[in-house]
Amino acid sequence: MPELYDTRAPNPPSRAILVGVKLRNMLMDETEESLQELQQLTETAGIEVVCETIQSRNAPNPTYFIGEGKVEELKPLIEELNADAIIFDEELSPAQTRNLEQAFDIAAIDRTGLILQVFAQRALTKEARLQVALAQLEYALPRLTRMWTHLSRLATGGGGGRHLRGPGETQLEMDRRWVRRNIGQVRKALQAVEKQRTVQRRNRSEKVKVSLVGYTNAGKSTLFNHLTGESVLVEDKLFATLDSTTRKVNLPQKQQILLSDTVGFIKKLPHQLVAAFKATLEEVTEADLLLHVIDVSHPEAEAQIAAVNEVLHELDATEIPTFMVFNKIDRLKTEDDLHLLQCQHPDAFPISAQRGDGVETLMDSLSKRFAELGTNLSFSFPYTEGKTLDLLYKHGTVLNTEYADEAIHVEARLPDRYLKSVSEFLVTSEG
């Protein structure tokens, strides 16, 4: 494993002021809810929240994101509360971060940086650590300048009025080269992981694949444990699960599926993380069906549904059949809240993964779904069509294979969305 760049400071902050900004096109409720989520992220990172504040603006200030008046208002508050970090519920530009740190003389952290810190703390396996490291490196690269401003002020003397570079500039160039080199090393290591995952998926290709997706802390891992009998880590915290876990599950009609638990999504999920977690999230894109788990007890359940759908769109996974699962019905104060959501999503399955309510109905529906999934097909592939045969193994359920002298004869069940790719090799089909 290559040496990894760590964006955490040698002495990480312990007391933070949180800053939210309500822009012109946002609702105050939305801003407040997002700031509350930032508080959860901050506490998950082990940082105490000493104050929260929101400023309304038509547009971000290009220098500080917040207004100059707000900057002056926060200065005495930082000293009074002994805060050593100020955390913004937005993504700051490198220049804004540098300006804020110069103004406040404490660490300025944006939402993306905080999420990366939480991921770094909770990554347990080699794969997760590599993925987080890649995201940290790509996030850090344009922000390295502020790390060396104390050096760039030092100038080395030179004859004849000649301007020589300060040691800060030299160190910055060296650090950029170091970071770029590490990005290359981590990407190479992740490519090896992706190849290994491809082999694993090929070996599991005869099984129907189901992936759990949902907002972080929606209860995916609790449902996974209930269905599989496993003991995947379950915590009432954001991002308890970073690594995907796959286990076999037997359905009521004796079918066997492969169920995968995946990393939770979040609003404003850093694009660096979506890219870095590509190998893990391929468990989503390769699934035959998604179980979208929603915490119906959360006041912003609809916004969380939209956030998950946005990430699925980014992954090109919106065409995969999906069952919506309304989890945590045991936490609802009244049934009216559930009824309102069911009016919007009438096909959703209400359950309590914790107590088991409604899970049997969900399992029965999955069983019926996969009893009807795809069509039984017979194919004849020339030996030169290895890639097309790979597609069949990757996306279908291969029932039988015979190797003849001139062709490979295969019986398989394939979802309709892949039929066009293999239609020229189709021999017969039956329901």
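Residues numbered from 1 in each chain as written. Predicted model: local features only at pLDDT ≥ 70, side-chain atom pairs only at ≥ 80, totals over all residues. Heavy atoms only, no water.

1. Some points on the environment of Leu315
Note that Leu315 resides in the loop between α11 (301-314) and β9 (322-327). A sequence separation of 34 residues divides Leu315 from Leu281, and the C-alpha atoms of the two residues are 8.1 Å apart. (Helix = DSSP H or I, 4+ residues; strand = E, 2+ residues; numbered from the N terminus.)

2. Re the confidence of the model for the chain
Within the chain, residue pLDDT values average 82, and 82% of them lie at 70 or more. For the stretch residues 1-9, pLDDT sits under 50, and the model shows 29 contacts to residues farther than four places along the chain or on other chains. Low confidence marks residues 146-164, where pLDDT is under 50. Its contacts with residues over four positions away, or in another chain, come to 21 contacts. (pLDDT = per-residue confidence, 0-100. Contact = heavy atoms within 4.5 Å.)

3. So, the environment of Arg369
In this fold, Arg369 is placed in helix α13 (residues 359-371). Residue classification places Arg369 among the partly exposed residues on the basis of a relative accessible area of 30%. With sequence-adjacent residues up to four places away left out, Arg369 is seen in contact with Leu289, Pro321 and Phe323. (Buried < 20%, exposed > 50% of the residue type's maximum accessible area, 1.4 Å probe, protein only.)

4. What to know about the sheet that holds strand β8 (residues 289-295)
Overall, mixed pairing links the 6 strands, which are arranged β6-β7-β5-β8-β9-β10 in an open sheet. The strands lining the two open edges of the sheet, one partner per strand, are β6 (245-250) and β10 (349-350). Lying over the sheet, α11 contacts β5 (208-214), β8 and β9, oriented at roughly 150° with respect to β8. (Pairing = 2+ DSSP bridges. Axes fitted to C-alpha atoms, helices over the stretch in contact; angles between N-to-C directions.)

5. Observations concerning the pattern of salt bridges
Between side chains of opposite charge, a pair can form as their charged atoms come close. Tallied over the full model, the rule gives 12 salt bridges. Between Arg15 and Glu48 there is a salt bridge whose closest N-O contact spans 3.3 Å. Of this pair, Arg15 sits in strand β1 (residues 15-22) while Glu48 sits in strand β2 (residues 48-56); the two residues are 33 residues apart in sequence, bridging distant segments of the chain. Since its relative accessible area comes to 24%, Arg15 is described here as partly exposed. Note that Asp295 is salt-bridged to Lys328, the shortest N-O span being 3.5 Å. Taken together, the positions of Asp295 in strand β8 and Lys328 in the loop between β9 and α12 (335-344) put the pair 33 residues apart, joining distant regions of the chain. According to the relative accessible area criterion, Lys328 is buried, its value standing at 9%. Counted as one network, the salt bridges with shared partners bring together Glu37, Asp89, Glu90, Arg111 and Lys268. (Salt bridge = Lys/Arg side-chain N within 4 Å of Asp/Glu carboxyl O.)

6. Looking at the packing of aromatic side chains
Applying the stated criterion across every chain yields a total of 3 aromatic pairs. Aromatic pair Phe379 and Phe381: ring centres 5.4 Å apart, planes at 20°, arrangement stacked. Residue classification places Phe379 among the buried positions, given a relative accessible area of 2%. Their ring planes at 40° and their centres at 5.2 Å tell us that Phe381 and Phe425 sit as a pair that is tilted. Of the two residues, Phe381 sits in strand β11 (residues 375-382) while Phe425 sits in the loop between α15 (419-422) and β14 (426-430), which places them 44 residues apart along the sequence. (Phe/Tyr/Trp six-rings, centres within 6.5 Å; stacked < 30°, edge-to-face > 60°.)

7. What to know about the sheet that holds β2
Think of a sheet as strands paired side by side through backbone hydrogen bonds, with each pair either parallel or antiparallel. Overall, parallel pairing links the 4 strands, which are arranged β2-β1-β3-β4 in an open sheet. Both outer strands of the open sheet, β2 and β4 (107-109), are each paired with one neighbouring strand and no more. Adjacent strand axes in the sheet meet at a mean angle of 20°, parallel and antiparallel pairs treated alike. Relative to strand β3 (residues 85-88), β1 runs parallel, the two sharing 4 bridges. Note on β3: the bridge partner recorded for Ile17 is Ile86. The strands that helix α1 (residues 28-44) touches are β1, β2 and β3; relative to β2, the one it contacts most, it runs at about 155°. Against the sheet, helix α3 (residues 94-104) engages β3 and β4, with an angle of about 145° to β4.

8. Some details on α11
With 14 residues, α11 extends 20 Å from end C-alpha to end C-alpha; this agrees with the ideal 20 Å at 1.5 Å per step. Inspection of α11 places Ala301, Gln304, Ile305, Ala307, Val308, Val311 and Leu312 among the buried residues, and these make up the whole buried set. All buried residues of α11 fall inside an arc of 160° around its axis, so they share one side. Relative to its buried face, α11 has exposed residues pointing more than 90 degrees away, namely Glu310 and His313. One or two positions beyond α11, positive phi appears at Asp316, with a value near 60°. (Expected span 1.5 Å × (residues − 1). Arc of directions from axis to C-beta.)

9. Focus: the packing of helix α4 (residues 111-122) against helix α5 (residues 126-140)
The description of two helices packed together rests on the angle between their axes and the distance between the axes. Interaxial distance between α4 and α5 falls to 10 Å at its minimum, and their mutual angle equals 155°. Comparing their axes, α5 and α4 come out roughly antiparallel. By crossing handedness, the relation of α4 to α5 is classed as left-handed. Counting all contacts with α4, which are made through Thr112, Gly113, Leu116, Gln117, Phe119 and Ala120, the residues of α5 involved are Val132, Ala135, Gln136 and Tyr139. Of the residues contributing to the contact of α4 with α5, the split by class is 6 nonpolar, 4 polar and no charged. (Parallel < 35°, antiparallel > 145°, perpendicular 65-115°, else oblique. Left-handed = near helix turned anticlockwise from the far one by under 90°. Nonpolar A, V, L, I, M, F, W, Y, C, P; charged D, E, K, R; others polar.)

10. A word on the environment of Gly386
Looking at the secondary structure, you find Gly386 in helix α14 (residues 386-395). Note: C-alpha distance between Gly386 and Ile408 (22 residues apart in sequence) is 9.9 Å.

11. Structural notes on the pairing of β8
Along a regular strand, successive side chains alternate from one face of the sheet to the other. Among the 7 residues in β8, 7 count as buried, and that is most of the element. Alignment of β5 against β8, held across 5 bridges, turns out to be parallel. Considered in β8, the bridge of Val210 is made with Leu289. Sheet topology note: the β8/β9 ladder contains 6 bridges and is parallel. Across the sheet, Leu290 pairs through a bridge with Thr322, a residue of β9. Since β8 and β9 lie parallel, the crossover through α11 that links them has a hand, and here it is right-handed. (Right-handed = clockwise from strand over helix to strand, strands pointing away.)

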